[in-house]
Amino acid sequence: MNRFMSSLGAATLVLALSLSPESFAADPGVSSQQIAAAKTPAEHEAIAAAYEQEAARLEAKAQEHDAMARSYRSAWSGSKGTNAAAMSAHCLKLATRYREAAEENRAMAAEHRKMK
């Protein structure tokens, strides 16, 4: 069990270090060329829809991390050698970042809808 927890802790650390703020940035799959070329309402709506789709994906990731936080709190609390509170807090922090990124994507979608 201790070996498992050490591996889990190491994996969590690697994940935390790999998740820079850039990993939460809007990446709706829209190219800079597509944005520069958008002139018609339909083109702006397509871009807005891509941002909305990315927002939905990010919200789903936030919900996954909320669920993981609950799991750490309930399943691992009191287990010897674990820090369930820290692991839960880590998941909640990620959930917050994913929600912030989702909100940024929704704001971008709204701006493109104004360009119609």
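Presented here is a report on the structure given in the accompanying data block. (Residues numbered from 1 in each chain as written. Predicted model: local features only at pLDDT ≥ 70, side-chain atom pairs only at ≥ 80, totals over all residues. Heavy atoms only, no water.)

## Quick word on the pattern of salt bridges
Scanning all chains against the criterion turns up nine salt bridges. The closest approach of N and O atoms between glutamate 59 and arginine 106, which form a salt bridge, is 3.1 Å. Taken as a pair, glutamate 59 in helix H3 (residues 41–75) and arginine 106 in helix H4 (residues 84–114) lie far apart in primary sequence, 47 residues in all. The class of arginine 106 is partly exposed, set by a relative accessible area of 26%. Arginine 99 is the partner of aspartate 66 in a salt bridge, and the nearest nitrogen-oxygen pair spans 2.4 Å. Note that aspartate 66 is positioned in helix H3 and arginine 99 in helix H4, a separation of 33 residues in sequence. For aspartate 66, a relative accessible area of 16% translates into the label buried. The exposure class of arginine 99 is partly exposed, given its relative accessible area of 31%. When salt bridges with common partners are traced through the structure, they connect Glu59, Asp66, Arg99, Glu103 and Arg106 into a single cluster. (Salt bridge = Lys/Arg side-chain N within 4 Å of Asp/Glu carboxyl O. Helix = DSSP H or I, 4+ residues; strand = E, 2+ residues; numbered from the N terminus. Buried < 20%, exposed > 50% of the residue type's maximum accessible area, 1.4 Å probe, protein only.)

## Some points on the packing of H3 against H4
Between H3 and H4, whose axes approach to 8 Å, the crossing angle comes to 165 degrees. Taken together, the axis directions place H3 and H4 in an arrangement best described as roughly antiparallel. The chirality of how H3 crosses H4 is left-handed. Of the residues in the contact of H3 with H4, the class split is 21 nonpolar, six polar and ten charged. (Axes fitted to C-alpha atoms, helices over the stretch in contact; angles between N-to-C directions. Parallel < 35°, antiparallel > 145°, perpendicular 65-115°, else oblique. Left-handed = near helix turned anticlockwise from the far one by under 90°. Nonpolar A, V, L, I, M, F, W, Y, C, P; charged D, E, K, R; others polar.)

## Digging into the nonpolar core
Judged by nonpolar contacts, Ala55, Leu58, Ala62, Leu94, Ala95, Tyr98, Ala101 and Ala102 together constitute the single largest core of eight residues. Secondary-structure elements contributing two or more residues to this core are H3 and H4. At five residues, H4 tops the list of elements feeding residues into this core. Of all hydrophobic cores here, the second largest spans seven residues; its members include Ile47, Ala48, Tyr51 and Ala109. (Core = buried A, V, L, I, M, F, W, Y, C linked by side-chain atoms within 4.5 Å.)

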